[in-house]
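Commentary on secondary and tertiary structure
These are the residues of each chain, in order.
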Amino acid sequence: MAHDGATTPLLGSAAEPPRNIYPFACVTLASLTTALMGYNLAVMSGAELFIREEFGLTGEQTEVLAGSMNAFMLASILAAGRAADLLGRRGALLLANAFLVAGALAMSLGGSYAELMAARFVTGTGAGLALVVAPVYIAEISPASTRGVLSSLLDICINVGILLGYSSNYAFAVSAVAGDADARAVLACTSDTPADADLRLEEIKQAVSASQSGNGGGGVWKEMLVRPSPAVRRVLACVAGLQFLQEASGIEAIVLYSPLVFKQAGMSSTAAVLGATVGVGAVKTISILVATSLSDRLGRRPLLLASTGGVAAAMASLAASLRLGGAATPAWCVASVLAFVVAFSVGFGPLVPAYSAEVLPLRLRAQGTSVATAVGRMTCGLVSMTFVSLAGAITMPGCFLLYASVAAGASVFVYCGCRRRGAGTWRTWRFSLPTEDLAHNILCYPCYPEKEY
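If you're wondering where the values come from, they're calculated on a predicted model, not measured in any experiment.

Before going further, it helps to spend a moment on the overall build of the protein chain. The helix and strand tally for the protein chain stands at 14 helices and 2 strands. By the burial criterion, 38% of the 453 residues in the protein chain qualify as buried. Excluding contacts between residues fewer than 6 apart, the proportion of contacts in the protein chain whose partners are at least 24 apart in sequence is 75%. A total of about 23300 Å² of accessible surface is found on the protein chain, and carbon and sulfur atoms cover 67% of it.

Our next topic: a nonpolar patch on the surface. On the surface, L36, V101 and L105 cluster together into a nonpolar patch covering about 240 Å² of accessible area. Positionally, L105 belongs in helix 2 (residues 59-109).

A word on the packing of aromatic side chains. Counting across every chain of the model gives 6 aromatic pairs. Ring geometry for F72 and F121: centres 5.3 Å apart, planes at 80 degrees, overall edge-to-face. With F72 in helix 2 and F121 in helix 3 (residues 113-141), this residue pair connects regions lying 49 residues apart in the sequence. F121 gets classed as partly exposed once you look at its relative accessible area, which sits at 42%. Between the aromatic rings of Y257 and F387, the centroid separation amounts to 5.0 Å while the plane-to-plane angle is 20 degrees, which identifies the pairing as stacked.

When the UniProt feature table is mapped onto this chain numbering, "transmembrane region" (unreviewed entry) sits at residues 21-42, 92-111, 117-137, 271-291, 303-323, 329-353 and 400-418. Split by type, residues 92-111 is 90% helix and 0% strand. Its first and last C-alpha atoms lie 30 Å apart. For residues 117-137, the helix share is 100%, the strand share is 0%, and the end-to-end C-alpha distance is 30 Å.

Bringing unusual backbone geometry into the picture now. Positioned with a positive phi, T395 is a non-glycine residue whose angle comes to about 75 degrees. Tracing the sequence through the fold places T395 in the loop between helix 12 (362-394) and helix 13 (396-417). Judged by its relative accessible area of 43%, T395 falls in the partly exposed class.

Confidence in the prediction for the protein chain averages 78 pLDDT; 84% of positions are at 70 or higher. Low pLDDT, under 50, characterises residues 421-453; the predicted model gives this stretch 83 contacts beyond four residues in sequence or across chains.

Relative to the assigned elements, S345 resides in helix 11 (residues 329-359). Distance from S345 to T292, taken between C-alpha atoms, is 9.9 Å for residues 53 residues apart in sequence. When near neighbours in sequence (up to four residues on either side) are disregarded, S345 contacts K284, S287, I288, A291 and P350.

Further remarks concern the environment of M385. If you trace the backbone, M385 turns up in helix 12. Separated by 133 residues in the primary sequence, M385 and E252 have C-alpha atoms spaced 9.7 Å apart.

Another point: the nonpolar core. Counting 58 residues, the largest nonpolar core has F262, L318, F340, F387 and F400 as its most contacted members. Those elements that place two or more of their residues in this core are helix 7 (230-248), helix 8 (251-264), helix 9 (270-298), helix 10 (300-324), helix 11, helix 12 and helix 13. Residue contacts for L318: discarding those within four places in its chain leaves I254, V261, C333, S336, V337 and F400. A30, L93, A130 and I138 belong to the second-largest nonpolar core, a separate cluster that totals 18 residues.

Now for helix 10. The end-to-end C-alpha distance of helix 10, which contains 25 residues, comes to 36 Å, matching closely the 36 Å that a straight helix rising 1.5 Å per residue would cover. Immediately downstream of helix 10, the backbone of G325 shows phi near 70 degrees, a positive value.

Attention shifts here to the packing of helix 8 against helix 11. Packing of helix 8 against helix 11 leaves a shortest axis separation of 12 Å and a crossing angle of 165 degrees. In terms of orientation, helix 8 and helix 11 fall into the roughly antiparallel class. Judged by the twist between their axes, the crossing of helix 8 over helix 11 is left-handed. Residue-level contacts link I251, I254, V261 and F262 of helix 8 to C333, V334, V337, F340, V341 and F344 of helix 11. A class-by-class count of the residues in the contact of helix 8 with helix 11 yields 10 nonpolar, no polar and no charged.

It is worth spelling out the environment of V133 at this point. Examined against the element boundaries, V133 turns out to sit in helix 3. Separated by 52 residues in sequence, V133 and G81 have C-alpha atoms that sit 7.3 Å apart. With residues up to four places along the chain from it excluded, the contact list for V133 reads A80, A84, R89, A92 and L93.

Glancing now at the pattern of salt bridges. Scanning the model with the defined rule gives 3 salt bridges in all. Of the charged contacts in the structure, one is a salt bridge between R89 and D85, with a shortest N-O distance of 3.2 Å. One end of the pair, R89, and the other, D85, are both in helix 2, 4 residues apart, so they sit about a helical turn from each other. A relative accessible area of 54% places D85 in the exposed class. Looking at R89, the relative accessible area reads 24%, which means it is partly exposed. What emerges from the salt-bridge pattern is a single network uniting D85, R89 and E140.

By the element assignment, S411 lies in helix 13. A polar contact of 3.4 Å, which involves the side chain of S411, links it to the side chain of T308. Sequence-distant contacts of S411, defined by excluding residues within four places in its chain, comprise L305, T308 and G309.

Time to look at the side chain of S336. Relative to the helices and strands, S336 resides in helix 11. With residues near it in sequence (within four places) discarded, S336 still touches A314, S317 and L318.

Rules and cut-offs
Residues numbered from 1 in each chain as written. Predicted model: local features only at pLDDT ≥ 70, side-chain atom pairs only at ≥ 80, totals over all residues. Heavy atoms only, no water. Helix = DSSP H or I, 4+ residues; strand = E, 2+ residues; numbered from the N terminus. Buried < 20%, exposed > 50% of the residue type's maximum accessible area, 1.4 Å probe, protein only. Contact = heavy atoms within 4.5 Å. Areas by Shrake-Rupley, 256 points an atom, 1.4 Å probe, with all protein chains shown as cover. Patch = residues over 30% accessible without salt bridge, like charges linked within 9 Å, V, L, I, M, F, W, Y side chains within 5 Å. Salt bridge = Lys/Arg side-chain N within 4 Å of Asp/Glu carboxyl O. Phe/Tyr/Trp six-rings, centres within 6.5 Å; stacked < 30°, edge-to-face > 60°. UniProt positions renumbered as here; feature names shortened; annotations may be inferred. pLDDT = per-residue confidence, 0-100. Core = buried A, V, L, I, M, F, W, Y, C linked by side-chain atoms within 4.5 Å. Expected span 1.5 Å × (residues − 1). Axes fitted to C-alpha atoms, helices over the stretch in contact; angles between N-to-C directions. Parallel < 35°, antiparallel > 145°, perpendicular 65-115°, else oblique. Left-handed = near helix turned anticlockwise from the far one by under 90°. Nonpolar A, V, L, I, M, F, W, Y, C, P; charged D, E, K, R; others polar. Polar contact = N/O pair within 3.5 Å; in protein donor to acceptor, adjacent residues only side chain to side chain.

Put into structure tokens, the structure is as follows:
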């Protein structure tokens, strides 16, 4: 009908107002919170297969771990309304996301069943908040005309998260197989033989398995220092003892105080003293190259024995040069110092760190090296901070005679404590262990059959 001569359109107004995309963006971001929840739910379906195997869980423990997230949600579901009122809808969603991310990280770092359950509790708390606050936020921010469509994004995102969780399970399973192949390929390129590559890969797998079953981190320190097995005790004593003896033989005293030693020998010219130290540094550097070329051909232990014996003889000679005196004292002293750095650098210096890294089992290698290195550095500090005082108390020749006796003791230590047991193409370090422990505590290194490692 027309009231003033105009006709009314039968289908309403000719044009509708443009859609507001801001609510759509807000709803999408809010729904992504539930995508995280769906991902956490689904990813456990695949992860539980590996968790059960690696942590040795029973069927009951596995089902409790997998389903506990729903039970853990209850507390946060009941508290979500109050949290949404206090923090606001947006603040409560941010808190839910923080819990979900923290729970996922905690699950990835969990090293025991109790830690995994605690991580599951954190994830459940975030999921409970998301289940309550996200629908409320979406309903409140959506315009009436599109509320139904936008509310459906919540369920869509949950299912997208579930799909991503299933997909990631499959991807990691495939990559785990490819990861072994890639690792074997790299080890084949860095090993002498295919058998050596397989052995090293198996050792890596055992170390990873031990760390994931709760024997890594603090368990490694406990295994080394609190309740060490006979094998661990012996190998740790070897590496820490060598680090101690290396520094206690007086290398730091020579490096830091050789100008004082040369002056004590009768060299009055500062230029001559400092020139002699340059010669010491040059000879030391060249000698290390000798060790580099000989260590693989002659073996570690023969070089260590020759080096420690040479260090002891050179230190004794240095003590004698300073004690006996005479016109030839400066030359004798310099020659003794040069002999010392040559003997030290062809074995005792560069081979101790290499030996320490080689004989430690993979699962203990990083922490064991830390312990041994700490022992060496403390000894080094003790020597460097007491040399002048010790020389004043027992004379400088007395100091070097003491260092000579330490080096002689190091030679005995290498001969008696670092012996190889077993023979054949594979150089095997065997320790007194029950038969079932040998697989974890035998260190094998490829070497020439005719050489002693």
